[in-house]
Amino acid sequence: MIDRPARIAIVTVSDRAARGEYPDKGGPGAEDWLRATITSPMQITRTIIPDGRASVAETLRQLCDDRGADLILVTGGTGPAPRDETPEGMADVMDKELPGFGEEMRRASLREVPTAILSRQTAGIRGRTLMITIPGKPAAIATCLDAVFAAVPYCLDLIGAARIETDPARIKAFRPGA
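The rules behind each value
- Residues numbered from 1 in each chain as written.
- Predicted model: local features only at pLDDT ≥ 70, side-chain atom pairs only at ≥ 80, totals over all residues.
- Heavy atoms only, no water.
- UniProt positions renumbered as here; feature names shortened; annotations may be inferred.
- Helix = DSSP H or I, 4+ residues; strand = E, 2+ residues; numbered from the N terminus.
- Polar contact = N/O pair within 3.5 Å; in protein donor to acceptor, adjacent residues only side chain to side chain.
- Axes fitted to C-alpha atoms, helices over the stretch in contact; angles between N-to-C directions.
- Parallel < 35°, antiparallel > 145°, perpendicular 65-115°, else oblique.
- Left-handed = near helix turned anticlockwise from the far one by under 90°.
- Contact = heavy atoms within 4.5 Å.
- Nonpolar A, V, L, I, M, F, W, Y, C, P; charged D, E, K, R; others polar.
- Core = buried A, V, L, I, M, F, W, Y, C linked by side-chain atoms within 4.5 Å.
- Buried < 20%, exposed > 50% of the residue type's maximum accessible area, 1.4 Å probe, protein only.

**A word on the UniProt feature "domain: MoaB/Mog" (unreviewed entry) in the protein chain**
When the UniProt feature table is mapped onto this chain numbering, "domain: MoaB/Mog" (unreviewed entry) sits at residues 9-155. Secondary structure across residues 9-155 divides into 44% helix and 20% strand, with the first and last C-alpha atoms of the span separated by 16 Å.

**Observations concerning the side chain of Arg175**
Tracing the sequence through the fold places Arg175 in the segment after α7 (152-159). A polar atom in the side chain of Arg175 sits 3.4 Å from the side chain of Glu165.

**Regarding the packing of helix α5 (residues 99-110) against helix α6 (residues 138-148)**
If you want to describe how two helices pack, look at the angle between their axes and the distance between the axes. Packing of α5 against α6 brings their axes to within 8 Å, and their N-to-C directions diverge by 125°. Classified by the angle their axes make, α5 and α6 are oblique. For the pair α5 and α6, the crossing hand works out as right-handed. Each of Phe101, Glu104, Met105, Ala108 and Ser109 in α5 lies in contact with α6, whose residues at this interface are Thr143, Cys144, Ala147 and Val148. Split into classes, the residues belonging to the contact of α5 with α6 amount to 6 nonpolar, 2 polar and 1 charged.

**Description of the nonpolar core**
Of all hydrophobic cores here, the largest spans 31 residues; its most connected members are Leu34, Leu130, Ile132, Phe149 and Val152. Contact partners of Ile132, with chain neighbours within four places excluded, come to Leu71, Ile72, Leu73, Val74, Phe101, Met105, Thr122, Ala123 and Val152. If you look at the next biggest cluster of nonpolar residues, it comprises 16 residues, including Val13, Ala69, Ile72 and Met90.

What follows is the structure in structure tokens.
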């Protein structure tokens, strides 16, 4: 475990948002959710990049290896459209996949919209960084993070990342034996 504020990066993957044609709603939505849920010190950075496998892989590699991010939330690019290659870009850089995150996010989302089955969310680890792909809409982000975030603090503990604590009124972090 690292004793410093958690370094959390939010990456919005969107051609239109990267060109300034479309307002980024995913990044601010994810940051709002994190700030309402995490009670321990953290540093959050947000980045907007264009869609595409190479841009996602390059950005994640830099955030993990050069910036030492503990947690990365990647919003957007997880659908079936031709330019939606976020999962492929993440697969190119991850050491281990954690498919249960995607399974649970889809299960939670399917209770709200039938098109959630089209989502290709997942999670993975690179070194001491946990990366999670999430949707681009704030309501869908909340649904997905509400479904999986109880496991995130313990996962960060296991991989040697910075420790985070959550507001148990919102999300009760699960740590075995605690």
